[in-house]
Amino acid sequence: MAGGVGLVILSLGLVAALRRDPDGGEPIAVAQIEKRAAPAVAVSGGSEAKPAGPQGAASASQLETEAGVTVYRPDSEAPEAIIVTVPDDAGSIKLASAPDSRLVERTRYGLLPKTGPDGATPARIYARPLGPEPATKPAGRIALIVGGLGISQSGTSDAIAKLPPQVSLAFAPYGTELERTVQRARGEGHEVFLQLPMEPFDYPDNDPGPHTLLTGPKAPDNIDKLHWSLGRFTGYVGVVNFLGGRLTADENALSPILRDLAGRGLMVVDDGSSARSQLATAANRAQIPSLKVDRTIDTVTRADAIDKELAGLEAMARDRGIVVAAASALPVSIERIAQWAQSLEAKKIVIVPASAARGFRNPKTTGSLSTGPLR
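Residues numbered from 1 in each chain as written. Predicted model: local features only at pLDDT ≥ 70, side-chain atom pairs only at ≥ 80, totals over all residues. Heavy atoms only, no water.

Novice: Can you walk me through the packing of helix 4 (residues 153–162) against helix 5 (residues 178–187) in this structure?
Specialist: Any two packed helices are characterised by how steeply their axes cross, that is the angle between the axes, and by the distance between the axes. Running from amino to carboxyl end, helix 4 crosses helix 5 at an angle of 20 degrees, the nearest separation of the two axes being 9 Å. It follows from the interaxial angle that helix 4 and helix 5 lie roughly parallel. Handedness of the helix 4/helix 5 crossing: right-handed. Note on element contacts: helix 5 touches helix 4 through Thr181, Arg184 and Ala185, opposite Thr156, Ser157 and Ile160. Across the contact of helix 4 with helix 5, the residue classes break down as two nonpolar, three polar and one charged. (Axes fitted to C-alpha atoms, helices over the stretch in contact; angles between N-to-C directions. Helix = DSSP H or I, 4+ residues; strand = E, 2+ residues; numbered from the N terminus. Parallel < 35°, antiparallel > 145°, perpendicular 65-115°, else oblique. Left-handed = near helix turned anticlockwise from the far one by under 90°. Contact = heavy atoms within 4.5 Å. Nonpolar A, V, L, I, M, F, W, Y, C, P; charged D, E, K, R; others polar.)

Right, dumping it as structure tokens:
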């Protein structure tokens, strides 16, 4: 009995010793971690990082964009936090989560975008990063916006799944389950835009919907209609006109709309459908970053016509350095774009997000890119 009791005590002591040491019984190796100085890059608390190092050195924001890295800087909710999100691998780029609490205000129409207290903007935070620069200099760049999404579930799903993630997607405000669908698109790497329905010349025979922004006696209702559209989903980089030949030609009707948009930190894109449009020019004067589409590729909805337009885009991109194009989410358009995109690497043509198009100005460009600041 004495021997048995002793054996039990010895066993209990051994178990206690091992439990006090989580690595008990396992080999242990000790490695020294060396501290190295970080690169000379300044990270500011505002929306624009200040240049670091000698004159001409890249700013923090430029390096973040080129590397596909997203930086969340301190705000009132987390004053000491700096969160850096790095892509999983060289070919994977993650968009910032939406909604960002800094960039929304609560209204009766839901969450509306705004510029954050630290100067951060939806146009910058929600944009798709460019990622690493190609090994060889591109022969040209093409920014492509595909619109009309959110209404047809099958067409929207096809666009999200089949189009390259560098293609920007524009959603109409009238679809169902828009928030979930938009976040799925963003999860696949597509930056998104909101299409604002605007009055065309043949209104009301051609009616973009019940929340159309109008000229004339009903113009005072435009801000209320604008807020309804802005609150339909979150995470968009900017707004694109849907139709709107008459409204975009009327700067008096445009001015109140652009004044409201000016503090929201959004891009404004003119879809290029009307030669009389003042949208990009007026947005630029309102200090809103703006962009104008150079070419729509599917005004004729035949596969051969679309292929011809896509070939024309390549020529324009080589000549100008950057070209901005638009298309609708028609099955034939999605099919032709998806197939065409597979041929671009061999031609040294690169698709870039629409939000990045303004950063690739070329002296040959004919003024489609505005000079307004991307705040």
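Now that the structure has been shown, the text picks up again.
Novice: What is the right way to look at the side chain of threonine 248 in this model?
Specialist: Tracing the backbone through its elements, the reader meets threonine 248 in helix 7 (residues 245–248). Among the polar contacts listed, one links the side chain of threonine 248 to the backbone oxygen of glycine 245, at a separation of 3.5 Å. Residue contacts for threonine 248: discarding those within four places in its chain leaves Met198, Asn241, Leu254, Ser274, Arg276, Ser277, Gln278 and Leu279. (Polar contact = N/O pair within 3.5 Å; in protein donor to acceptor, adjacent residues only side chain to side chain.)

Novice: I tried to follow unusual backbone geometry on my own but got confused; where do I start?
Specialist: If a residue is not glycine, its phi is most likely negative; likewise, a peptide bond is most likely trans. Going from alanine 98 to proline 99, the amide bond is cis rather than trans, its omega being 0 degrees. Mapped onto the elements of the fold, proline 99 is located in the loop between strand 2 (83–85) and strand 3 (104–107). The residue after tyrosine 203, namely proline 204, is reached through a cis peptide bond having omega 5 degrees. One non-glycine residue, glutamate 177, adopts positive backbone phi at about 50 degrees. Of note, lysine 348 is a non-glycine position whose phi angle comes to about 60 degrees, a positive value. Looking at the element boundaries, lysine 348 is found in the loop between helix 12 (344–347) and strand 13 (349–352).

By themselves, these figures tell us nothing about what the structure is for.
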